Amino acid sequence: MKLFALSDLHVGHPDNRSALHEMKPHPEDWLILGGDLGETEQHLAFVLGTLRDRFERLIWVPGNHELWTLPHSEVARGEEKYLRLVELCRRYDVLTPEDPYVLWPGPPGPRLIAPLFLLYDYTFRPADVPVERAVDWARAAGIECVDEHLLHPDPFPSRAAWCEARCRLTAARLEAALARYDVPSVLINHFPLRKELAVLPLVPRFTVWCGTERTEDWHLRFRAEVVVFGHLHIRQTKVIDGVRFEEVSLGYVRQWRRERGIDAYLRQILPAR
């Protein structure tokens, strides 16, 4: 029994979509889907419908793309859009950040599986750039995330406020769960939990939309054995403070090799390889 992870499937792209059809069955294994599976509810339904019977269990966290409200095609915004996606996942019996955390039953022993939804608050920026000027700092280099136009924070006054609320809520839930279960955890979030992981050589100022400094110590605070994330489209494994951090993106078509097949990009999280 194995726990795998893959994120950033972007099935709106035909090659990514067709590759997903080719994924081999893993009937005894669990799969983490780390966000940015697509941009619409239909994309999410396609991924879940394709993979649900190929794994014993699916675990989902939202990326920023799933939270977009596309002009002229959708009406749900912000938290309403997110909760619609949660309900869609539940129809497929997929674990979400709104469900009770579960214990991994496979080797190397029980681990708390914690899917998170934490967003970002523009604090991944140089110390001499005020947070309220972070987006302008990125725009000065010709960089602006589409989220500024399509990811709405309703009913919160800002994305940063939504991020703060999610962090407070999630920290309380993790504390309660780890008080009940004296086991290590696997933390799963679309965005990296630490600023040092958000290194994007081609678009360095895009870090503004990559996470929050509120979670810098969460890998220690919440007894993580592994932290799983995506968003960067830069696959990597790093060990920080003895904790393994796994970026598990597939990415856009130009960022992976079609001839290898999508199974080659499944990252084994547990047991550790």
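Each chain carries its own residue numbering, running from 1 in the written order of its sequence. Whole-chain, interface and lining totals are the exception, using all residues; otherwise, since this is a predicted model, local features are given only for residues with pLDDT of at least 70 and side-chain atom pairs are given and counted only at 80 or more. Heavy atoms throughout the structure, all of them, feed into the side-chain values; hydrogens and water do not.

Participant: Please explain the sheet that holds strand S1 (residues 3-6) as it appears in this structure.
Facilitator: Each strand in a sheet pairs with its neighbour through backbone hydrogen bonds, running either in the same direction (parallel) or in the opposite one (antiparallel). Spatial ordering of the open sheet is given by S3-S2-S1-S10, a layout of four strands whose pairing is mixed. The sheet is open, and its two edges are formed by strand S3 (55-60) and strand S10 (267-270), each paired on a single side. In this sheet, neighbouring strand axes are inclined to one another by 30 degrees on average, regardless of whether the strands run parallel or antiparallel. Only strands that DSSP links by at least two bridges are regarded as paired with each other. By definition, any uninterrupted DSSP run of H or I lasting at least four residues is a helix, any uninterrupted run of E lasting at least two residues is a strand, and each is numbered from the N terminus. In the sheet, S1 pairs with S10 via three bridges, with the strands oriented antiparallel. Looking at S10, one finds that phenylalanine 4 is bridged to glutamine 268. Orientation is described by lines fitted to C-alpha atoms, with helices fitted over the stretch in contact, and by angles between N-to-C directions that extend from 0 to 180 degrees.

Participant: Honestly, the packing of helix H1 (residues 14-21) against helix H2 (residues 41-51) in this entry has me stumped. Any pointers?
Facilitator: Packed helices, taken two at a time, are described by the angle their axes make and the gap between the axes. For the pair H1 and H2, the least separation of the axes is 9 Å and the interaxial angle reads 25 degrees. The orientation of H1 with respect to H2, classified from their angle, is roughly parallel. On H2, the residues that touch Arg17, Leu20 and His21 of H1 are His43, Phe46, Val47, Thr50 and Leu51. Taken together, the residues that form the contact of H1 with H2 break down as four nonpolar, three polar and one charged. Note on terminology: angles under 35 degrees are roughly parallel, angles over 145 are roughly antiparallel, angles of 65 to 115 are roughly perpendicular, and the others are oblique. Residue contacts are counted whenever heavy atoms from the two residues lie within 4.5 Å of one another. For this classification, the nonpolar set comprises Ala, Val, Leu, Ile, Met, Phe, Trp, Tyr, Cys and Pro, the charged set comprises Asp, Glu, Lys and Arg, and every other residue, Gly included, is treated as polar.

Participant: Help me understand the packing of H2 against helix H3 (residues 78-91) in this model?
Facilitator: Between H2 and H3, the shortest axis-to-axis distance is 10 Å and the interhelical angle comes to 25 degrees. Considered as vectors, H2 and H3 are oriented roughly parallel to each other. Relative to H3, the crossing made by H2 is right-handed. Listed contacts from H3 to Glu41, Leu44, Ala45 and Leu48 of H2 are Lys81, Arg84, Leu85, Leu88 and Cys89. Along the lines of polarity and charge, the residues of the contact of H2 with H3 split into six nonpolar, no polar and three charged. By definition, any crossing whose near helix is turned counterclockwise from its far helix by less than a right angle is left-handed, and any crossing with a clockwise turn is right-handed.

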